[in-house]
Amino acid sequence: MAFNWFKKKKDQPDEEAAESPETDGIADEAFHEPEAPVDEVIEPQAAAECKDNLNVPKEKTASPRPPADDAPTEKKGRGLFARLKSGLSKTRKILTTDIDDLFLGKKLVDDDMLEDLEELLITADMGVRTTMDIMERIAGKRSRIAGAKELKAVLREEILAYFEALPAPSSEAAAKPHVVMVVGVNGVGKTTTIGKLAAHESRQGKKVLIAAADTFRAAAIEQMTIWAERAGADIVRHKDHADPAAVAYDSVDAAISRGTDIVFVDTAGRLHTKVNLMEEIKKIQRTLAKRLPEAPHEVLLVLDATTGQNALSQAKMFNEALGVTGIALTKLDGTAKGGIVVSICSSLNIPLKYIGVGESVEDLQPFDPKQFVEALF
């Protein structure tokens, strides 16, 4: 069934991630500790001065909010869930209204209904493989399904089972500084995600440093500087087109001397099919380990939910190259189909740590499987 439907769709082009400009080649494999001092180590108060001299568009932000912990828990929870439901509106229509329509004039689940349901799940971006697995189990339970309500209940069970099978996200390491290398292709919201995570950690009273190691993309360092100022974080930056591995090394060095709690290492957006560019990110990973054993402690992959199944392809390639320890899925704000979350979790044994459902800092949420499934229906 899935093959026939999928064949109809094969002429529709996948959304491609934006490709970053290629560099002339890879820096020398052997890395030596830089003799020159760090070009700039900017503290939060100094970052504000840099911001005034930058010609970078500012995001629309509201007046400074109090720390998240100051908000009443009940009110904060309702706000997060409402934003999540809003972000999943397109998928919720498929899994509610469209499923209700399947039972119009029918009381029992027949083969035609199963085929229609299969198409709905693929349309929701759950992917062919995941959809086939779900459909096989639903077919085995068809005797207990007497209406749309029962079908939705079974779907909830099956989707939640994928999330529960994932390994739990690693707890915060005892190492100080805790180094998080953030990777992903251009355009997925990597810089913004780092800024939001830095703001969250700062609100928890932690000392944060950002390594601006995306030295190839125009304005990337300036944008990261603005986010560091907003988050109240330090930043280490070199000149444009400097060796990204040297920036990463100097950042960890500065973090150790300053007693920093957590370091977020920004990396250049790499198209995952470009082998030579992926090798540069591997070099950053090795360089971090040379300065601080076991670093990076986390490799966080940022994916764009609007790219659908292409995000799954990116995840597989990055995981093979770097050993991804967690995923942040951005832009789940109404334009994407939430089924991609299920597809990623069912295909990869990697924890989904964060989902982004909007532009504000609060809209980057820790992933809660039960809350997510509830918002789907």
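No experiment lies behind these values; they were computed from the predicted model shown.

Asks: How do you make sense of the overall build of the chain when you look at a structure like this?
Replies: Check the secondary structure of the chain and you find 15 helices and nine strands. With 377 residues in all, the chain has 50% of them scored as buried. Of all intrachain contacts in the chain linking residues separated by at least 6 positions in sequence, the fraction that spans at least 24 positions is 79%. Total accessible area on the chain is roughly 17,800 Å²; 50% of this is exposed by carbon and sulfur atoms.

Asks: Can you help me understand helix α11 (residues 244-258) in this one?
Replies: Within an α-helix, residues lying three or four positions from one another point in the same direction, as the helix has 3.6 residues per turn. Helix length check: α11 (15 residues) gives 21 Å between terminal C-alpha atoms against 21 Å at 1.5 Å per residue, within 8%. Counted residue by residue, α11 has eleven buried out of 15 residues, so it is predominantly covered. Inspection of α11 places Pro244, Ala245, Ala246, Val247, Ala248, Tyr249, Asp250, Ser251, Val252, Ala254 and Ala255 among the buried residues, and these make up the whole buried set. Among the residues of α11, the N-terminal cap falls to Asp243, whose side-chain oxygen and the backbone nitrogen of Ala245 are separated by 3.1 Å.

Asks: Any chance you could explain the packing of helix α6 (residues 111-123) against helix α7 (residues 128-140) here in plain terms?
Replies: Helix packing for two helices is described by the angle between their axes and how far apart those axes are. Contact pair α6 / α7: the axes reach a minimum separation of 9 Å and the direction vectors enclose 145°. The hand of the α6/α7 crossing is right-handed. In this structure, α6 uses Leu114, Leu117, Glu118, Leu121 and Ile122 to contact α7, whose residues at the interface are Val128, Thr131, Met132, Ile134, Met135, Ile138 and Ala139. Among the residues making up the contact of α6 with α7, the classes are represented as ten nonpolar, one polar and one charged.

Asks: Would you mind showing me how to read the packing of aromatic side chains here?
Replies: A ring pair, where both rings are aromatic, is described by two values, the distance of the centres and the angle of the planes. A complete count under the given rule lists three aromatic pairs for this structure. Ring geometry for Phe163 and Phe372: centres 5.8 Å apart, planes at 80°, overall edge-to-face. Here Phe163 is found in helix α8 (residues 148-164), whereas its partner Phe372 is found in helix α15 (residues 369-376), with 209 residues between them in sequence. Phe372 matches Phe163 in its accessibility class, with the two residues each being buried. Three or more aromatic residues link up through ring pairs in this structure, and these residues are Phe163, Phe367 and Phe372. Arg230 extends its terminal NZ or CZ atom over the ring of Trp227, reaching a point 5.1 Å from the ring centre.

Asks: What is the right way to look at the environment of Gly87 in this model?
Replies: With respect to the helices, strands and loops of the structure, Gly87 is situated in helix α3 (residues 73-87). Relative accessible area serves as the criterion here: at 1%, Gly87 is assigned to the buried category. Measuring from C-alpha to C-alpha, the distance between Gly87 and Val357 comes to 5.6 Å, with 270 residues separating the pair along the chain.

Asks: I tried to follow the pairing of strand β5 (residues 262-266) on my own but got confused; where do I start?
Replies: Burial analysis of β5 places five of its five residues in the buried class, the great majority of the element. Of the two faces of β5, the one carrying Ile262, Phe264 and Asp266 and the one carrying Val263 and Val265 are both buried. In this sheet, β5 lies alongside strand β2 (residues 178-183) in parallel orientation, the contact comprising five bridges. Bridged to Val182 within β5 is Asp266. Looking at chain direction, strand β3 (residues 208-212) and β5 are connected through five bridges and run parallel. Of the residues in β5, the one forming a bridge with Ala211 is Val265.

Asks: Looking at this model, I keep getting lost on the environment of Cys345. Mind explaining?
Replies: Tracing the sequence through the fold places Cys345 in helix α14 (residues 339-347). The buried category is assigned to Cys345, whose relative accessible area is 5%. Here the alpha-carbon distance between Cys345 and Ile327, two residues 18 residues apart in the chain, equals 9.9 Å. With sequence-adjacent residues up to four places away left out, Cys345 is seen in contact with Phe163, Leu166 and Leu352.

Asks: What am I meant to see in the environment of Asp333 here?
Replies: Structurally, Asp333 is set in the loop between β7 (326-330) and α14. Given the relative accessible area of 39%, Asp333 is considered partly exposed. Apart from residues lying up to four places away in sequence, Asp333 is in contact with Gly87, Gly356, Val357 and Gly358.

Asks: Hey, could you run me through the nonpolar core in this one?
Replies: Among soluble globular proteins, nonpolar side chains are generally buried collectively. Membership of the largest hydrophobic core comes to 103 residues, with the highest contact counts inside it found for Phe163, Val265, Val341 and Phe372. A total of eight residues in this core trace back to one element, the largest contributor, which is α8. When neighbours within four sequence positions are excluded, Val265 is seen to be in contact with Val179, Val180, Met181, Val182, Ala211, Ala213, Ala248, Ile284 and Leu288.

Asks: Help me understand the pattern of salt bridges in this model?
Replies: When the charged atoms of two side chains with opposite charge come close together, those side chains can pair. Per the counting criterion, the structure on display carries 18 salt bridges. Arg137 is paired through a salt bridge with Glu158; the nearest N and O atoms lie 2.5 Å apart. On the criterion of sequence distance, the pair formed by Arg137 in helix α7 and Glu158 in helix α8 is long-range, its members being 21 residues apart. The partly exposed category is assigned to Arg137, whose relative accessible area is 33%. Residue Glu158 is classed as buried on the basis of its relative accessible area, which comes to 5%. Note that Glu157 and Lys141 form a salt bridge whose closest N and O atoms lie 3.7 Å from each other. Of the two residues, Glu157 is situated in helix α8 and Lys141 in the loop between α7 and α8; the sequence distance between them amounts to 16 residues. Since its relative accessible area comes to 39%, Glu157 is described here as partly exposed. Classification of Lys141 as partly exposed rests on a relative accessible area of 22%. A network of salt bridges, in which partner residues are shared, links Arg137, Lys141, Arg144, Glu157 and Glu158.

Criteria and cut-off values
Residues take numbers from 1 onward in each chain, read along the sequence in its written order. With pLDDT at 70 or above as the cut-off, local features in this predicted model cover only qualifying residues; side-chain atom pairs require 80 or more to be listed or tallied, and sums for whole chains, interfaces and linings still use all residues. Side-chain metrics in this entry use all non-hydrogen atoms of the structure; hydrogen atoms and water are not considered. Under the scheme used here, helices are H or I runs from DSSP no shorter than 4 residues and strands are E runs no shorter than 2 residues, and both carry numbers assigned from the N terminus. Between buried and exposed lies partly exposed: a residue is buried under 20% and exposed over 50% of the maximum accessible area for its type, with that area taken using a 1.4 Å probe on protein chains only. Residues count as neighbours in contact if any of their non-hydrogen atoms are within 4.5 Å of one another. Accessibility throughout is a Shrake-Rupley quantity obtained with a 1.4 Å probe, and a residue counts as covered only by protein chains that appear here. Take the number of residues in a helix, subtract one, and multiply by 1.5 Å to get its expected span. Between N or O atoms, a polar contact is any pair within 3.5 Å; within protein, one atom must be a potential hydrogen donor and the other a potential acceptor, and residues adjacent in sequence are included only when both atoms are from side chains. Axis definition: a line fitted to C-alpha atoms, over the contacting stretch in the case of helices. Angles run 0 to 180 degrees between N-to-C directions. Here is the rule for handedness: rotate from the far helix to the near one, and if that takes an anticlockwise turn smaller than a right angle the crossing is left-handed, while a clockwise turn gives right-handed. Gly is placed with the polar residues, together with every amino acid not listed as nonpolar (Ala, Val, Leu, Ile, Met, Phe, Trp, Tyr, Cys and Pro) or charged (Asp, Glu, Lys and Arg). Working definition: a ring pair exists when centres of Phe, Tyr or Trp rings (six-membered ring for Trp) sit within 6.5 Å. Plane angles under 30 degrees give stacked, over 60 give edge-to-face, the rest tilted. Any Lys NZ or Arg CZ found within 6 Å of a ring centre and within 35 degrees of that ring's normal is scored as a charge over the ring. The rule for pairing is simple: two strands pair if DSSP sees at least two bridges between them. Here, the term nonpolar core denotes a set of buried Ala, Val, Leu, Ile, Met, Phe, Trp, Tyr and Cys residues that are joined through side-chain atoms within 4.5 Å. When a carboxyl oxygen of Asp or Glu is within 4 Å of a side-chain nitrogen of Lys or Arg, the pair counts as a salt bridge.

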